[in-house]
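# Inside the fold
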Amino acid sequence: MAITKRTEEDKIEIVGTHKIIQVRTATIIEEDGTEISRSFHRHTVVPGADVSSESAEVQAIATAVHTDAVVTAYEAHIAENTPTDAE
Amino acid sequence: MALSKIQTGLVDSQTNLTLTTPTISTGLYLGGSGSANLLDDYEEGTWTPFLGPSGGSFTSQTGFGRYTKIGNIVHAWGYGKVTNVGSGSGGIDSFSGLPFASINDTFPAGNRSGLGTVREDQRTGYWGQLFISAGATSAAIQSPEGSQFMRSAGIATNDTFLIDLTYKTNA
């Protein structure tokens, strides 16, 4: 009986006008090759984010969709919609 | 009912359905058959909050959180801890790292997709409101009554911030 643990990015999505990348990482526990447990961890990659620690697949997606125009638009959107204490 | 979408365990008990360990791949209509009645997603998992200081940057921080997504609503809970304050100064301005991108709705007073609460739980007990920015994965902090507590009360190593928030997503 062999218990093994592995992770995989089982879902990568590009969401919304700002093309935010949602990454779901599954931790999978298997017994003799049969899955007995699966749990999820999520993180997101916004335009302009440092992707050096991301997987090659996510890096490639970010390079493709996070163009200069997308990054500029996202940064402007965040700046416009960040509340101040005066609000 | 599209029985082909239910893989195991369907019991019709007169007016209600009892589903035993089913997998429903595309959703379940509740209370009607319109798109507004479709429950098409449920997920639990973990995420990692990242603290944003008002000024400078932290040498190191750690964080952990859990989320539950029901349909288009995300409830996220977690904490962020400053393990080495480094040049971080002022206070805490924001959190990032939310598990799902928020919906990009437009409101007259500013685009938000949800609200939450944050509390420094280790040293000061200060708390603030979280504004989940629309179309983003971050939350800005606004102190109650316009005060500056959370954003300028100072920040120190080991300060720990609890987060609890609910927001909408279209993911």
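Residues numbered from 1 in each chain as written. Chains lettered and ligands numbered in written order. Predicted model: local features only at pLDDT ≥ 70, side-chain atom pairs only at ≥ 80, totals over all residues. Heavy atoms only, no water.

## Things to note about the overall build of chain B
The number of helices and strands found in chain B is one helix and 13 strands. Mapped from its N terminus to its C terminus, chain B presents α and β elements in the order β-β-β-β-β-β-β-β-β-β-β-β-α-β. Sorting the 171 residues of chain B into buried and exposed places 39% on the buried side. Excluding contacts between residues fewer than 6 apart, the proportion of contacts in chain B whose partners are at least 24 apart in sequence is 62%. (Helix = DSSP H or I, 4+ residues; strand = E, 2+ residues; numbered from the N terminus. Buried < 20%, exposed > 50% of the residue type's maximum accessible area, 1.4 Å probe, protein only. Contact = heavy atoms within 4.5 Å.)

## Comments concerning a nonpolar patch on the surface
On the surface, Leu28, Leu30, Leu39, Tyr42 and Ile70 of chain B cluster together into a nonpolar patch covering about 450 Å² of accessible area. Look at Ile70 of chain B and you get partly exposed, because its relative accessible area is 46%. (Patch = residues over 30% accessible without salt bridge, like charges linked within 9 Å, V, L, I, M, F, W, Y side chains within 5 Å. Areas by Shrake-Rupley, 256 points an atom, 1.4 Å probe, with all protein chains shown as cover. Salt bridge = Lys/Arg side-chain N within 4 Å of Asp/Glu carboxyl O.)

## Looking at the confidence of the model for chain A
Here chain A averages 92 in pLDDT, while 94% of its residues score no lower than 70. Within chain A, the lowest mean pLDDT, 92, falls on helix α2 (residues 68-80) of chain A, and the highest, 98, falls on helix α1 (residues 56-65) of chain A. (pLDDT = per-residue confidence, 0-100.)

## Section: unusual backbone geometry
Residues and elements named next belong to chain A. The phi dihedral of Lys19 falls on the positive side, at around 55 degrees, and the residue is not glycine. Residue classification places Lys19 among the partly exposed residues on the basis of a relative accessible area of 32%. Phi angles above zero are rare outside glycine, and Asp32 is one such case at about 50 degrees. Looking at the secondary structure, you find Asp32 in the loop between β2 (20-31) and β3 (34-45).

## Notes on the environment of Ile155 of chain B
All names here are of chain B. Following the sequence through the fold, Ile155 ends up in the loop between α1 (149-152) and β13 (160-168). The spacing of Ile155 and Ala140 is 15 residues in sequence and 17 Å in space, taken between C-alpha atoms. Setting aside chain neighbours within four positions, we find Ile155 in contact with Phe58, Val82, Val85, Gly88, Ser89, Gly90, Gly91, Ile92, Arg123 and Phe161.

## Notes on the side chain of His77 of chain A
Of note, His77 of chain A is situated in helix α2. Setting aside residues no more than four positions away along its own chain, His77 of chain A makes contact with His18 of chain A together with Asn104, Ala134 and Gly135 of chain B.

## Some words on the pairing of strand β10 (residues 112-120) of chain B
With seven bridges connecting them, β10 of chain B and strand β11 (residues 127-133) of chain B associate as antiparallel partners. Looking across to β11 of chain B, one finds that Gly116 of chain B is bridged to Leu130 of chain B. (Pairing = 2+ DSSP bridges.)

## Quick notes on the pattern of salt bridges
Pairing is possible between side chains that carry opposite charge, provided their charged atoms lie close to one another. The tally for this structure, following the rule as stated, stands at eleven salt bridges over all chains. The partner of Glu8 of chain A in a salt bridge is Arg6 of chain A, and the shortest N-O contact between them spans 2.7 Å. Assessed through its relative accessible area of 29%, Glu8 of chain A is described here as partly exposed. Here Glu43 of chain B and Arg24 of chain A are joined by a salt bridge, their closest N and O atoms 2.8 Å apart. Highlighted residues: Glu43 of chain B in strand β5 (residues 42-47) and Arg24 of chain A in strand β2, drawn from two different chains. Exposure remark for Glu43 of chain B: the relative accessible area of 3% places this residue in the buried category. Residue classification places Arg24 of chain A among the buried residues on the basis of a relative accessible area of 12%. Taken together, the shared-partner salt bridges in this structure form one network comprising Asp10, Glu13, Arg24, Glu35, Arg38 and Arg42 of chain A together with Glu43 of chain B.

## Digging into the packing of aromatic side chains
All names here are of chain B. Here the structure, examined in full by the defined rule, presents one aromatic pair over all chains. Between the aromatic rings of Tyr67 and Phe100, the centroid separation amounts to 5.4 Å while the plane-to-plane angle is 90 degrees, which identifies the pairing as edge-to-face. Highlighted residues: Tyr67 in strand β7 (residues 60-70) and Phe100 in the loop between β9 (89-96) and β10, separated in sequence by 33 residues. Given the relative accessible area of 1%, Phe100 is considered buried. (Phe/Tyr/Trp six-rings, centres within 6.5 Å; stacked < 30°, edge-to-face > 60°.)

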